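# Observations on the model geometry
Residue-level listing of the chains:
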Amino acid sequence: GSKGAILLLDPASTADAIAGRLKDAGATIVEGSDPVLLPKARKNATELAGTRRAHIRDGAAMVRFLCWLDEIGPTGTIDEIAAAEKLTWFRADTAKKDGSELIDLSFDTISGAGPNGAIVHYRVTPATTRTIAPDMLYLTDSGAQYRDGTTDITRTVVVGKPSDEMRDRFTRVLKGMMAIATARFPVGASGAQLDTLARQWLWQAGLDFDHGTGHGVGAFLGVHEGPQRIAKPRGSQAGTDQPLMAGMILSNEPGYYKANEYGIRIENLVLVEKREIPGGEGEWLGFETLTFAPIDRTLVDRSLLSPAEIEWWNSYHAKVRDVLAPQMEGEALAWLEEACKPL
(Lines give C-alpha, C1' and ligand atoms only; values in the text may rest on other atoms or scores of the structure.)
Protein backbone atom coordinates (compact mmCIF):
# COMPACT_ATOMS: atom_id res chain seq x y z
CA GLY A 1 0.00 0.00 0.00
CA SER A 2 2.97 2.36 -0.29
CA LYS A 3 2.30 3.25 -3.95
CA GLY A 4 2.20 7.00 -4.29
CA ALA A 5 3.38 7.49 -0.71
CA ILE A 6 6.16 10.01 -0.09
CA LEU A 7 8.62 8.73 2.51
CA LEU A 8 11.55 10.42 4.22
CA LEU A 9 14.45 8.00 4.63
CA ASP A 10 17.68 8.75 6.44
CA PRO A 11 20.44 7.12 4.33
CA ALA A 12 22.69 7.02 7.43
CA SER A 13 20.36 4.68 9.32
CA THR A 14 17.92 2.99 6.91
CA ALA A 15 18.58 -0.61 5.92
CA ASP A 16 19.21 -0.95 2.19
CA ALA A 17 16.71 -3.82 1.91
CA ILE A 18 13.89 -1.68 3.32
CA ALA A 19 14.68 1.21 0.97
CA GLY A 20 14.74 -1.24 -1.96
CA ARG A 21 11.34 -2.75 -1.13
CA LEU A 22 9.78 0.69 -0.76
CA LYS A 23 11.16 1.78 -4.14
CA ASP A 24 9.94 -1.45 -5.77
CA ALA A 25 6.46 -0.82 -4.32
CA GLY A 26 6.38 2.57 -6.05
CA ALA A 27 6.94 4.89 -3.11
CA THR A 28 8.61 8.26 -3.64
CA ILE A 29 11.76 8.38 -1.51
CA VAL A 30 13.04 11.66 -0.11
CA GLU A 31 16.49 11.41 1.48
CA GLY A 32 17.12 13.51 4.55
CA SER A 33 18.19 13.28 8.17
CA ASP A 34 15.85 11.72 10.71
CA PRO A 35 13.87 14.58 12.32
CA VAL A 36 13.84 12.71 15.65
CA LEU A 37 17.65 12.84 16.04
CA LEU A 38 18.01 16.43 17.25
CA PRO A 39 15.17 16.47 19.80
CA LYS A 40 16.50 13.13 21.13
CA ALA A 41 20.07 14.48 21.31
CA ARG A 42 19.00 17.54 23.30
CA LYS A 43 18.18 16.10 26.71
CA ASN A 44 15.30 17.45 28.76
CA ALA A 45 15.47 18.32 32.47
CA THR A 46 14.28 14.86 33.59
CA GLU A 47 16.83 13.05 31.43
CA LEU A 48 19.62 15.32 32.70
CA ALA A 49 18.65 14.81 36.35
CA GLY A 50 18.70 11.04 35.76
CA THR A 51 22.03 11.16 33.95
CA ARG A 52 23.61 13.11 36.82
CA ARG A 53 22.37 10.54 39.35
CA ALA A 54 23.63 7.68 37.17
CA HIS A 55 27.09 9.25 36.92
CA ILE A 56 27.45 9.68 40.68
CA ARG A 57 26.48 6.03 41.25
CA ASP A 58 28.84 4.94 38.45
CA GLY A 59 31.70 7.02 39.88
CA ALA A 60 31.28 5.28 43.24
CA ALA A 61 31.53 1.89 41.51
CA MET A 62 34.68 3.06 39.68
CA VAL A 63 36.31 4.18 42.93
CA ARG A 64 35.59 0.81 44.58
CA PHE A 65 37.10 -0.88 41.51
CA LEU A 66 40.20 1.35 41.32
CA CYS A 67 40.83 0.89 45.04
CA TRP A 68 40.60 -2.91 44.60
CA LEU A 69 42.87 -2.77 41.53
CA ASP A 70 45.46 -0.69 43.40
CA GLU A 71 45.72 -3.43 45.99
CA ILE A 72 45.60 -6.52 43.80
CA GLY A 73 47.25 -5.29 40.56
CA PRO A 74 50.85 -5.38 41.82
CA THR A 75 50.46 -9.01 42.96
CA GLY A 76 50.23 -10.16 39.30
CA THR A 77 47.31 -12.46 40.13
CA ILE A 78 44.52 -11.01 37.97
CA ASP A 79 44.07 -10.77 34.25
CA GLU A 80 42.02 -8.48 32.01
CA ILE A 81 38.94 -10.72 32.14
CA ALA A 82 38.94 -10.92 35.94
CA ALA A 83 39.30 -7.13 36.15
CA ALA A 84 36.40 -6.53 33.74
CA GLU A 85 34.19 -8.99 35.65
CA LYS A 86 35.05 -7.38 38.97
CA LEU A 87 34.17 -3.92 37.62
CA THR A 88 30.77 -5.21 36.47
CA TRP A 89 30.25 -6.71 39.92
CA PHE A 90 31.05 -3.37 41.59
CA ARG A 91 28.59 -1.59 39.28
CA ALA A 92 25.79 -4.04 40.08
CA ASP A 93 26.53 -4.00 43.81
CA THR A 94 26.82 -0.18 44.01
CA ALA A 95 23.53 0.22 42.12
CA LYS A 96 21.80 -2.20 44.52
CA LYS A 97 23.12 -0.27 47.54
CA ASP A 98 21.72 2.87 45.89
CA GLY A 99 18.25 1.29 45.54
CA SER A 100 18.78 1.10 41.79
CA GLU A 101 19.74 -1.61 39.30
CA LEU A 102 22.42 -2.20 36.70
CA ILE A 103 20.28 -3.08 33.68
CA ASP A 104 23.21 -3.85 31.38
CA LEU A 105 26.65 -2.66 30.35
CA SER A 106 26.47 0.05 27.69
CA PHE A 107 29.10 -1.89 25.65
CA ASP A 108 31.58 -4.72 26.20
CA THR A 109 34.21 -3.49 28.64
CA ILE A 110 37.57 -2.68 27.04
CA SER A 111 40.09 -4.05 29.54
CA GLY A 112 43.62 -3.73 28.18
CA ALA A 113 46.89 -4.31 30.01
CA GLY A 114 50.23 -3.22 28.54
CA PRO A 115 50.33 -3.84 24.75
CA ASN A 116 46.62 -4.73 24.63
CA GLY A 117 45.82 -1.20 25.80
CA ALA A 118 47.30 0.07 22.54
CA ILE A 119 44.52 -1.66 20.53
CA VAL A 120 41.86 1.05 20.35
CA HIS A 121 38.71 -1.10 20.22
CA TYR A 122 40.23 -4.10 21.99
CA ARG A 123 37.87 -6.85 23.12
CA VAL A 124 39.37 -9.20 25.66
CA THR A 125 39.00 -12.96 24.97
CA PRO A 126 40.43 -15.98 26.78
CA ALA A 127 42.96 -16.23 23.94
CA THR A 128 44.21 -12.64 24.23
CA THR A 129 43.88 -11.90 27.95
CA ARG A 130 47.00 -10.66 29.73
CA THR A 131 47.91 -10.66 33.37
CA ILE A 132 48.01 -7.19 34.92
CA ALA A 133 51.51 -6.81 36.33
CA PRO A 134 53.87 -4.18 37.76
CA ASP A 135 55.24 -1.33 35.63
CA MET A 136 52.40 -1.72 33.16
CA LEU A 137 49.66 0.68 32.08
CA TYR A 138 46.15 -0.71 32.37
CA LEU A 139 43.32 0.91 30.38
CA THR A 140 39.66 0.28 31.12
CA ASP A 141 36.91 1.82 28.98
CA SER A 142 33.49 0.82 30.24
CA GLY A 143 29.97 1.99 30.78
CA ALA A 144 26.62 1.12 32.29
CA GLN A 145 22.96 1.33 31.41
CA TYR A 146 20.96 2.32 34.47
CA ARG A 147 17.28 3.20 34.05
CA ASP A 148 18.08 6.82 34.76
CA GLY A 149 21.09 7.19 32.48
CA THR A 150 23.93 5.87 30.34
CA THR A 151 27.59 6.13 31.37
CA ASP A 152 30.87 5.75 29.49
CA ILE A 153 34.21 6.31 31.24
CA THR A 154 37.85 5.49 30.55
CA ARG A 155 40.60 5.52 33.12
CA THR A 156 44.22 4.56 32.53
CA VAL A 157 46.25 3.64 35.60
CA VAL A 158 49.78 2.50 36.19
CA VAL A 159 50.49 -0.64 38.17
CA GLY A 160 53.80 0.07 39.87
CA LYS A 161 56.08 2.75 38.43
CA PRO A 162 55.54 4.59 35.15
CA SER A 163 58.35 5.47 32.77
CA ASP A 164 59.08 9.14 32.03
CA GLU A 165 57.68 8.63 28.53
CA MET A 166 54.41 7.23 29.91
CA ARG A 167 54.05 10.27 32.18
CA ASP A 168 54.82 12.67 29.34
CA ARG A 169 52.25 11.07 27.00
CA PHE A 170 49.63 10.75 29.72
CA THR A 171 50.01 14.42 30.65
CA ARG A 172 49.64 15.51 27.01
CA VAL A 173 46.44 13.47 26.72
CA LEU A 174 45.22 14.97 30.01
CA LYS A 175 45.93 18.52 28.78
CA GLY A 176 43.81 17.83 25.69
CA MET A 177 40.98 16.42 27.80
CA MET A 178 41.08 19.53 30.03
CA ALA A 179 41.14 21.82 26.97
CA ILE A 180 37.85 20.31 25.79
CA ALA A 181 36.37 20.37 29.31
CA THR A 182 37.07 24.10 29.64
CA ALA A 183 36.34 25.13 26.03
CA ARG A 184 34.00 28.02 25.29
CA PHE A 185 32.55 28.27 21.81
CA PRO A 186 29.93 30.29 19.96
CA VAL A 187 26.47 28.93 19.21
CA GLY A 188 26.76 27.33 15.75
CA ALA A 189 30.22 25.86 16.35
CA SER A 190 30.62 22.18 15.43
CA GLY A 191 32.53 19.35 17.05
CA ALA A 192 35.05 19.44 14.20
CA GLN A 193 36.02 22.97 15.27
CA LEU A 194 36.82 21.78 18.79
CA ASP A 195 38.67 18.59 17.88
CA THR A 196 42.11 20.21 17.51
CA LEU A 197 41.96 21.47 21.10
CA ALA A 198 42.19 17.86 22.27
CA ARG A 199 45.17 17.06 20.05
CA GLN A 200 47.31 20.20 20.28
CA TRP A 201 49.75 18.99 22.97
CA LEU A 202 50.23 15.63 21.26
CA TRP A 203 50.77 17.40 17.93
CA GLN A 204 53.46 19.55 19.57
CA ALA A 205 55.40 16.33 20.22
CA GLY A 206 54.70 14.88 16.75
CA LEU A 207 52.04 12.48 18.06
CA ASP A 208 48.33 11.91 17.39
CA PHE A 209 45.52 9.41 17.94
CA ASP A 210 43.46 7.74 15.26
CA HIS A 211 39.91 8.01 16.59
CA GLY A 212 37.37 10.74 17.28
CA THR A 213 37.66 12.88 20.39
CA GLY A 214 34.00 12.50 21.27
CA HIS A 215 30.69 10.87 20.33
CA GLY A 216 27.13 11.69 21.36
CA VAL A 217 25.60 9.67 24.20
CA GLY A 218 21.94 8.78 24.81
CA ALA A 219 19.84 8.80 27.99
CA PHE A 220 19.27 5.10 28.83
CA LEU A 221 19.74 4.64 25.08
CA GLY A 222 22.63 4.09 22.68
CA VAL A 223 26.06 4.88 24.11
CA HIS A 224 26.92 6.09 20.59
CA GLU A 225 24.18 8.50 19.61
CA GLY A 226 24.22 11.10 16.84
CA PRO A 227 24.17 13.45 15.22
CA GLN A 228 26.83 15.33 17.22
CA ARG A 229 30.48 14.31 17.54
CA ILE A 230 33.90 15.82 18.15
CA ALA A 231 36.27 14.57 15.46
CA LYS A 232 38.47 15.59 12.57
CA PRO A 233 36.33 16.68 9.61
CA ARG A 234 36.28 13.76 7.19
CA GLY A 235 34.37 14.87 4.12
CA SER A 236 30.67 14.30 4.59
CA GLN A 237 31.10 12.01 7.60
CA ALA A 238 27.97 12.36 9.69
CA GLY A 239 28.17 14.58 12.71
CA THR A 240 31.41 16.50 12.43
CA ASP A 241 29.64 19.56 11.00
CA GLN A 242 26.59 19.30 13.30
CA PRO A 243 26.48 22.43 15.51
CA LEU A 244 26.69 21.58 19.21
CA MET A 245 23.54 22.57 21.11
CA ALA A 246 22.67 22.97 24.78
CA GLY A 247 21.45 19.68 26.24
CA MET A 248 23.63 17.43 24.09
CA ILE A 249 25.88 14.92 25.89
CA LEU A 250 29.23 13.95 24.37
CA SER A 251 32.28 11.99 25.39
CA ASN A 252 35.60 13.78 25.85
CA GLU A 253 38.21 11.07 25.26
CA PRO A 254 41.58 11.89 23.73
CA GLY A 255 44.22 9.16 23.84
CA TYR A 256 47.65 8.01 22.75
CA TYR A 257 48.65 4.50 21.67
CA LYS A 258 52.15 3.12 21.33
CA ALA A 259 51.89 -0.11 19.32
CA ASN A 260 52.98 -3.25 21.20
CA GLU A 261 53.70 -1.25 24.38
CA TYR A 262 50.81 0.64 25.97
CA GLY A 263 47.69 2.71 25.46
CA ILE A 264 46.40 5.81 27.23
CA ARG A 265 42.87 7.21 27.15
CA ILE A 266 41.11 9.51 29.61
CA GLU A 267 37.36 9.84 29.11
CA ASN A 268 34.67 11.86 30.84
CA LEU A 269 31.20 12.64 29.53
CA VAL A 270 30.33 16.33 29.10
CA LEU A 271 27.07 18.23 28.71
CA VAL A 272 26.74 21.23 26.39
CA GLU A 273 25.30 24.17 28.32
CA LYS A 274 24.81 27.91 27.83
CA ARG A 275 27.70 30.10 29.02
CA GLU A 276 27.37 33.68 30.15
CA ILE A 277 30.66 35.44 29.40
CA PRO A 278 30.97 38.90 30.95
CA GLY A 279 31.53 41.39 28.11
CA GLY A 280 30.98 38.63 25.53
CA GLU A 281 29.02 39.33 22.37
CA GLY A 282 26.45 36.93 20.98
CA GLU A 283 25.50 33.53 22.45
CA TRP A 284 28.07 31.16 23.90
CA LEU A 285 28.28 27.55 25.01
CA GLY A 286 30.58 25.45 27.17
CA PHE A 287 30.67 22.05 28.87
CA GLU A 288 29.68 20.72 32.26
CA THR A 289 31.62 17.55 33.15
CA LEU A 290 29.20 14.78 34.19
CA THR A 291 31.69 12.02 35.07
CA PHE A 292 33.12 11.83 38.59
CA ALA A 293 36.11 9.56 39.18
CA PRO A 294 39.75 10.22 40.09
CA ILE A 295 42.42 10.37 37.38
CA ASP A 296 45.75 8.65 38.19
CA ARG A 297 47.96 11.36 39.72
CA THR A 298 51.10 9.21 39.58
CA LEU A 299 50.96 9.52 35.78
CA VAL A 300 50.92 13.33 35.79
CA ASP A 301 54.07 15.32 35.01
CA ARG A 302 53.24 18.49 36.91
CA SER A 303 55.94 20.48 35.14
CA LEU A 304 53.95 20.21 31.87
CA LEU A 305 50.81 21.74 33.41
CA SER A 306 49.90 25.43 33.50
CA PRO A 307 48.58 27.04 36.71
CA ALA A 308 45.07 27.04 35.18
CA GLU A 309 45.33 23.30 34.44
CA ILE A 310 46.51 22.53 37.98
CA GLU A 311 43.54 24.57 39.25
CA TRP A 312 41.15 22.55 37.04
CA TRP A 313 42.62 19.28 38.31
CA ASN A 314 42.34 20.35 41.95
CA SER A 315 38.78 21.66 41.68
CA TYR A 316 37.64 18.60 39.67
CA HIS A 317 39.09 16.22 42.25
CA ALA A 318 37.68 18.22 45.17
CA LYS A 319 34.26 17.85 43.54
CA VAL A 320 34.84 14.13 42.89
CA ARG A 321 35.59 13.69 46.60
CA ASP A 322 32.56 15.72 47.75
CA VAL A 323 30.16 13.94 45.39
CA LEU A 324 31.40 10.37 45.96
CA ALA A 325 32.50 10.34 49.62
CA PRO A 326 28.92 9.97 50.99
CA GLN A 327 28.65 6.62 49.13
CA MET A 328 32.01 5.32 50.33
CA GLU A 329 33.22 3.61 53.48
CA GLY A 330 36.34 2.04 54.92
CA GLU A 331 39.18 1.31 52.56
CA ALA A 332 37.50 2.78 49.47
CA LEU A 333 36.83 6.05 51.29
CA ALA A 334 40.46 6.30 52.44
CA TRP A 335 41.61 5.52 48.88
CA LEU A 336 39.29 8.23 47.48
CA GLU A 337 40.59 10.86 49.94
CA GLU A 338 44.17 10.06 48.95
CA ALA A 339 43.42 10.03 45.19
CA CYS A 340 41.67 13.42 45.37
CA LYS A 341 44.35 15.38 47.24
CA PRO A 342 45.51 18.55 45.43
CA LEU A 343 48.35 18.03 42.94
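Preceding block: the structure.
Let me sum up the structure you'll find in this document. (Residues numbered from 1 in each chain as written. Predicted model: local features only at pLDDT ≥ 70, side-chain atom pairs only at ≥ 80, totals over all residues. Heavy atoms only, no water.)

Let's shift gears to the sheet that holds strand S9 (residues 184-186). The antiparallel open sheet is built from four strands, whose spatial order is S9-S16-S15-S12. The open sheet has two free edges, formed respectively by S9 and strand S12 (249-252), since each of these has just one partner strand. Going from strand to strand, the sheet's axes swing by 40 degrees on average, the running direction of each strand aside. Looking at chain direction, S9 and strand S16 (residues 284-289) are connected through three bridges and run antiparallel. For Pro186, the partnering residue across the bridge sits in S16 and is Trp284. (Pairing = 2+ DSSP bridges. Helix = DSSP H or I, 4+ residues; strand = E, 2+ residues; numbered from the N terminus. Axes fitted to C-alpha atoms, helices over the stretch in contact; angles between N-to-C directions.)

A word on the sheet that holds strand S8 (residues 153-159). Strands sit in the order S4-S5-S8 across an open sheet of three strands; the sheet is antiparallel. A strand with exactly one partner marks an edge of an open sheet, and here the two such strands are strand S4 (110-113) and S8. Each strand of the sheet is rotated relative to its neighbour by a mean of 10 degrees, with strand direction disregarded. Where S4 lies against strand S5 (residues 136-142), four bridges are found, and the strand directions are antiparallel. The partner of Ile110 across the bridge, within S5, is Asp141. Helix H3 (residues 45-72) rests against S5 and S8 of the sheet, and its axis sits at about 15 degrees to S8. (Contact = heavy atoms within 4.5 Å.)

As a further point, take the side chain of Asp141. Structurally, Asp141 can be placed in strand S5. Residue Asp141 is classed as buried on the basis of its relative accessible area of 5%. Here Arg265 takes part through its side chain, which lies 2.9 Å from a polar atom of the side chain of Asp141. Apart from the residues lying within four places of it in its own chain, the contact partners of Asp141 are Phe107, Asp108, Thr109, Ile110, Asp152, Ile153, Thr154, Glu253, Arg265 and Glu267. (Buried < 20%, exposed > 50% of the residue type's maximum accessible area, 1.4 Å probe, protein only. Polar contact = N/O pair within 3.5 Å; in protein donor to acceptor, adjacent residues only side chain to side chain.)

Of the two faces of strand S14 (residues 262-265), the one lined by Tyr262 and Ile264 and the one lined by Gly263 and Arg265 are each fully buried. Bridging between strand S13 (residues 255-258) and S14 involves four bridges; their strand directions are antiparallel. Residue pairing across strands places Tyr256 opposite Ile264, the latter belonging to S14. Hairpin geometry of S13 and S14 is characterised by an intervening segment of three residues between the two adjacent antiparallel strands and by a positive phi of about 65 degrees at Asn260.

Looking now at a nonpolar patch on the surface. A cluster of nonpolar residues, Ile6, Leu8 and Val30, forms a patch on the protein surface that exposes about 280 Å² of accessible area. For Ile6, a relative accessible area of 64% puts it in the exposed group. (Patch = residues over 30% accessible without salt bridge, like charges linked within 9 Å, V, L, I, M, F, W, Y side chains within 5 Å. Areas by Shrake-Rupley, 256 points an atom, 1.4 Å probe, with all protein chains shown as cover. Salt bridge = Lys/Arg side-chain N within 4 Å of Asp/Glu carboxyl O.)

Attention shifts here to the nonpolar core. Ranked by size, the top nonpolar core spans 61 residues in total, and within it Phe65, Leu69, Ile132, Tyr138, Leu174, Ile295 and Leu336 carry the most contacts. The biggest single contributor to this core is H3, with nine residues. One finds Ile230, Met248, Leu250 and Val272 within the second-largest nonpolar core, a separate group that totals 15 residues. (Core = buried A, V, L, I, M, F, W, Y, C linked by side-chain atoms within 4.5 Å.)

Take the environment of Gly263 next. With respect to the element layout, Gly263 can be found in strand S14. For the pair formed by Gly263 and Ile119, sequence separation is 144 residues and the distance between their alpha carbons is 7.3 Å. Aside from chain neighbours lying at most four places away, what touches Gly263 is Gly114, Gly117, Ala118, Leu137, Leu139, Thr156, Tyr256 and Tyr257.

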